[in-house]
Amino acid sequence: MLVSMLMGSGCAANPQAGAARPSSSGPGKSSATVVARGLDAPWSIAFFGQVPLISERDSARIIELGAGGATRVVGTVDGVAGAGEGGLLGIAVRQGWLYAYSTGEDGNRIQRFDLDGKPGGLRLGASRTIVEGLPSASYHNGGRIAFGPDGMLYATVGDAGDRDSAQDLGSLAGKILRMTPEGRVPGDNPFPGSLVYSYGHRNPQGLAWAEDGTLYASEFGQDTWDELNVIRAGANYGWPRVEGISGRSGFTDPVQQWSPEDASPSGITIAGGALLLANLRGERLRQVPLADPSTSTERFTEAYGRLRDVEVAPDGSLWLLTNNTDGRGEPAPDDDRVIRIPST
Ligand SMILES: [Ca+2]
């Protein structure tokens, strides 16, 4: 209900809200609407029931979006000490808790917060750090977290500038991790006693599961190939030995790859039988049909600038976060924005 209220009043107050800059984007652009403005380097969006919650990387704030696009601070994550690409990154909601991945003084950590209060007055309550000491740096912090259909929490960790660590099973850098909601190692993880679920990653920042349970992850390449991978327990995705599709034995190749200038995928989700990838440098939403994941189409190219995250709302609409105020983009006066695309 909140979402529909938000749409109604947002459109009424801002008749030009949905107008995008001219571009060659695909169908559906005209029905997209800007539902919030003026965010500061937003990184991740998650829904608490019907309520959209957004993390801001540099301010370390969690923002609640209300009717008409009003923003309200739910709380600020303490001790965030990120520089460069670090800061408050991914968030995920489970039951009454908000999980957050952020850069602290001693590396990246995952914390769980009670969400107190009610929509319109949510606030961050008691916190507990469930994992800490994940490698961090100015670059390649990973940072996406999401709950899988198995009830476990998955997290993407970048190589933090130490390329070889991605192949070192004794390091948590350059990995996708799998943990219980309390941060413990599940008994059925591929490497006994380790949070490591897959390895050989450079800087993965997107996680999504298909209905059949297949896990997909997006990953930033160095300068040749960005990747979309199907993640399997215990598999090696190659970095830094190989980048992109190599055909080398011992490494699992991506199902699709793109030049970073056309891509740089961060958040991903799945809707309507397709993967959707939010691209930073490529400034577009890419759509990959699950039935043929080696192909893709593109939407909104250069319409909104850099895109950081995409998520499916409870009503089936797609929500996008722009990312033009993080120092790498050219912000429009109302950046950063949240964009809603109705389900078709
Ligand atoms: Ca790879």
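Everything numeric in this text was worked out from a predicted model, so none of it was measured.

A. Seen up close, the overall build of the chain. Along the chain, the regular secondary structure elements total one helix and 24 strands. The C-alpha extent of the chain, read off along each of the three principal axes, is 55 × 45 × 35 Å. Residues classed as buried in the chain amount to 56% of the 344 residues present. Across the chain, every contact between residues at least 6 apart in sequence was considered, and the portion connecting residues at least 24 apart equals 52%. When the accessible surface of the chain is summed, it comes to about 13200 Å², and 46% of that surface belongs to carbon and sulfur atoms. Of the charged side chains in the chain, 30 are positive and 40 negative; the average position of the first set lies 3 Å away from that of the second.

B. Just unusual backbone geometry, in detail. Residue Pro-240 is bonded to the preceding Trp-239 through a cis peptide linkage, with omega at 0 degrees. Examined against the element boundaries, Pro-240 turns out to sit in the loop between β16 (226-231) and β17 (256-258). Each neighbour pair has its own omega, and for Asp-335 with Asp-336 the value is -5 degrees, a cis peptide bond. One can find Asp-336 in the loop between β23 (318-322) and β24 (338-341). If you check the backbone angles, Ala-60 has positive phi at about 60 degrees while not being a glycine. Locating Ala-60 in the fold gives a position in the loop between β3 (51-56) and β4 (61-65). Unusually for a residue other than glycine, Glu-302 sits at a positive phi of about 60 degrees. If you trace the backbone, Glu-302 turns up in the loop between β21 (297-299) and β22 (307-312).

C. Representation of the environment of Phe-47 within the structure. Tracing the backbone through its elements, the reader meets Phe-47 in strand β2 (residues 42-48). Judged by its relative accessible area of 13%, Phe-47 is buried. C-alpha of Phe-47 to C-alpha of Val-312: the two residues are 265 residues apart in sequence and 8.7 Å apart in space. Beyond its immediate sequence surroundings of up to four residues, Phe-47 is in contact with Pro-52, Val-93, Glu-311, Val-312, Ala-313, Pro-314 and Trp-319.

D. Expanded view of the pairing of strand β19 (residues 274-279). With six of its six residues buried, β19 lies for the most part within the structure. Burial of β19 is two-sided: the residues Ala-274, Leu-276 and Ala-278 facing one way and the residues Leu-275, Leu-277 and Asn-279 facing the other way are all buried. Examined bridge by bridge, strand β18 (residues 265-271) and β19 share five bridges and lie antiparallel to one another. Bridge pairing links Pro-265 to Asn-279 in β19. Linking two consecutive strands that pair antiparallel, namely β18 and β19, is a turn of two residues; a positive phi of about 60 degrees is found at Gly-272 within it.

E. A look at the nonpolar core. Within the largest apolar cluster, 19 residues are counted, with the highest numbers of intra-cluster contacts made by Tyr-99, Tyr-101, Ile-110, Ile-145, Leu-153, Leu-177 and Met-179. Leaving out residues up to four positions away in the same chain, Leu-177 has contacts with Leu-134, Leu-153, Tyr-154, Ala-155, Val-157, Leu-172, Leu-195, Val-196 and Tyr-197. Formed by 16 residues, the second largest nonpolar core is a distinct cluster that contains Leu-88, Phe-113, Leu-115 and Leu-124.

F. The arrangement of the side chain of Asn-323 in detail. The topology assignment puts Asn-323 in the loop between β23 and β24. At 2.5 Å, the side chain of Asn-323 forms a polar contact with the side chain of Arg-308.

G. Focus on the sheet that holds strand β5 (residues 71-76). A sheet is described by the order of its strands in space; here four strands give the open sequence β2-β3-β4-β5, paired in antiparallel fashion. In the strand order of this sheet, the two ends are held by β2 and β5, each with one partner. Each strand of the sheet is rotated relative to its neighbour by a mean of 30 degrees, with strand direction disregarded. By the bridge criterion, six bridges tie β2 to β3 in an arrangement that is antiparallel. Looking at the pairing, Ser-44 lines up with Ser-55 of β3.

H. Region of interest: the pattern of salt bridges. Taken as a whole and judged by the stated rule, the model has 16 salt bridges. A salt bridge links Arg-144 to Asp-309; the nearest nitrogen and oxygen atoms lie 3.3 Å apart. Residue Arg-144 is found in the loop between β9 (123-134) and β10 (145-147), and its partner Asp-309 is found in strand β22; the two are separated by 165 residues along the sequence. One exposure class covers both Arg-144 and Asp-309, and it is buried. For Arg-340, the salt bridge is made with Asp-315, and the minimal N-O distance between the two is 2.8 Å. Here Arg-340 is found in strand β24, whereas its partner Asp-315 is found in the loop between β22 and β23, with 25 residues between them in sequence.

I. Representation of the coordination of the calcium ion. Binding of the calcium ion to the protein goes through Glu-227 (OE), Glu-227 (OE) and Tyr-237 (O), at separations of 2.3 to 2.5 Å. Within this pair, whereas Glu-227 is found in strand β16, its partner Tyr-237 is found in the loop between β16 and β17, the two being separated by ten residues in sequence. In this structure, Glu-227 and Tyr-237 share a single accessibility class: buried.

J. Focus on the sheet that holds β22. One open sheet holds the four strands; their spatial order is β1-β24-β23-β22, and the pairing between them is antiparallel. Sheet topology places β1 (33-36) and β22 at the edges, where each strand pairs with a single neighbour. On average, each strand axis in the sheet is tilted by 30 degrees relative to the strand beside it, whichever way the strands run. Pairing analysis gives five bridges linking β22 to β23, with the strands arranged antiparallel. Across the sheet, Leu-307 pairs through a bridge with Thr-322, a residue of β23.

So, how was this worked out
Residues numbered from 1 in each chain as written. Predicted model: local features only at pLDDT ≥ 70, side-chain atom pairs only at ≥ 80, totals over all residues. Heavy atoms only, no water. Helix = DSSP H or I, 4+ residues; strand = E, 2+ residues; numbered from the N terminus. Buried < 20%, exposed > 50% of the residue type's maximum accessible area, 1.4 Å probe, protein only. Contact = heavy atoms within 4.5 Å. Areas by Shrake-Rupley, 256 points an atom, 1.4 Å probe, with all protein chains shown as cover. Lys, Arg positive; Asp, Glu negative; His and termini not counted. Charge placed at Lys NZ, Arg CZ, Asp CG, Glu CD. Pairing = 2+ DSSP bridges. Core = buried A, V, L, I, M, F, W, Y, C linked by side-chain atoms within 4.5 Å. Polar contact = N/O pair within 3.5 Å; in protein donor to acceptor, adjacent residues only side chain to side chain. Axes fitted to C-alpha atoms, helices over the stretch in contact; angles between N-to-C directions. Salt bridge = Lys/Arg side-chain N within 4 Å of Asp/Glu carboxyl O. Donors = N, O, S within 2.8 Å, 3.2 Å for Na, K, Ca; no water.

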